[in-house]
Amino acid sequence: MLVLLPPSQGKASPDRGRRAGLSTLVYPRLREPREQLIDAVDPRLRVAPAIPAAELYTGVLFTALGLTDLPWDGVLIASALWGVVRPGDRIPAYRLDMSARPPGIGALAAHWREPLRAALPDRGLVLDLRSGSYAAAWQPRRAPRVVVRAFTEAPDGRRTVISHMVKRVRGEVARLVLQAGGAERAEEVAEIATAGGLRVELSAGVLNVIESPARFTMAH
């Protein structure tokens, strides 16, 4: 199973530590597009202090996920700068969103599309928790893919899409799946989420998590 996490805008700010070793990051064939982006965005990142990605990202999803306490097999974190990294890959704090267009590079989804297609495995179940801009850089062609959406449901049955805080819900789903040792089918993801106390509906590779407004407000 492949669990694809998004990065987060919230990041730790390491003031000490070894610099990132580009040769040690996952998928060495991604080194050239990484080098190109570092040169275009901030060459100082080559010597900046670096820490494991699992500790660097501190946003809503990562708070709900608690990645440092979970098994990391099959987990990759998408990144506009690095393409993808493993939780244990040491990287410095950086600022680059997939919507940016660095000089000499242009659209980042296009920059990463072919390198990621050549590097990432296209087999097994993919639990894809990325936003649309990161998903535009790579999607499996053959492997089944599960994405997660979230809604609140009022007592009268009306549903409202959860936008920003869907990151928390996705973190909760990822935590349950990783704690369970992964899944081979979309139906297993739904079963694991249900056993973990979530109300879910699965349809055509989309796992909808349904929350009451009261629970959503308390979690927010």
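How each quantity is defined
Residues numbered from 1 in each chain as written. Predicted model: local features only at pLDDT ≥ 70, side-chain atom pairs only at ≥ 80, totals over all residues. Heavy atoms only, no water. Helix = DSSP H or I, 4+ residues; strand = E, 2+ residues; numbered from the N terminus. Buried < 20%, exposed > 50% of the residue type's maximum accessible area, 1.4 Å probe, protein only. Phe/Tyr/Trp six-rings, centres within 6.5 Å; stacked < 30°, edge-to-face > 60°. Lys NZ or Arg CZ within 6 Å of the ring centre and 35° of its normal. Core = buried A, V, L, I, M, F, W, Y, C linked by side-chain atoms within 4.5 Å. Contact = heavy atoms within 4.5 Å.

> Could you give an account of unusual backbone geometry, naming the residues involved and the relevant values?
Positioned with a positive phi, tyrosine 27 is a non-glycine residue whose angle comes to about 55°. Structurally, the position occupied by tyrosine 27 is in the loop between strand 1 (2–5) and helix 1 (31–41). At alanine 204, a residue that is not glycine, the phi angle is positive and equals roughly 50°. Along the chain, alanine 204 turns up in the loop between strand 9 (199–203) and strand 10 (206–211). With a relative accessible area of 83%, alanine 204 lands in the exposed category.

> Any details on the packing of aromatic side chains? Residues and values, ideally.
Counted under the stated rule, the structure contains three aromatic pairs. Ring centres of tyrosine 57 and phenylalanine 62 lie 5.4 Å apart, and the angle between their planes is 20°; this geometry places the pair in the stacked category. Comparing tyrosine 57 with phenylalanine 62, the two get one shared label, buried. Here the aromatic residues Tyr57, Phe62, Trp82 and Tyr94 are joined through ring pairs into a cluster of three or more. Positioned over the ring face of tyrosine 94 is lysine 11, at 4.7 Å from the centre of the ring.

> Just give me the short version of the nonpolar core, but keep the residues and values in it.
Formed by 70 residues in total, the largest nonpolar core has its most connected members in Leu5, Leu67, Trp82, Ile91 and Tyr94. Looking at this core, the element that brings in the most residues is helix 6 (residues 166–179), giving seven residues. Dropping the residues within four chain positions of it, tyrosine 94 is found in contact with Pro7, Lys11, Leu45, Leu56, Tyr57, Ser79, Leu81 and Trp82.

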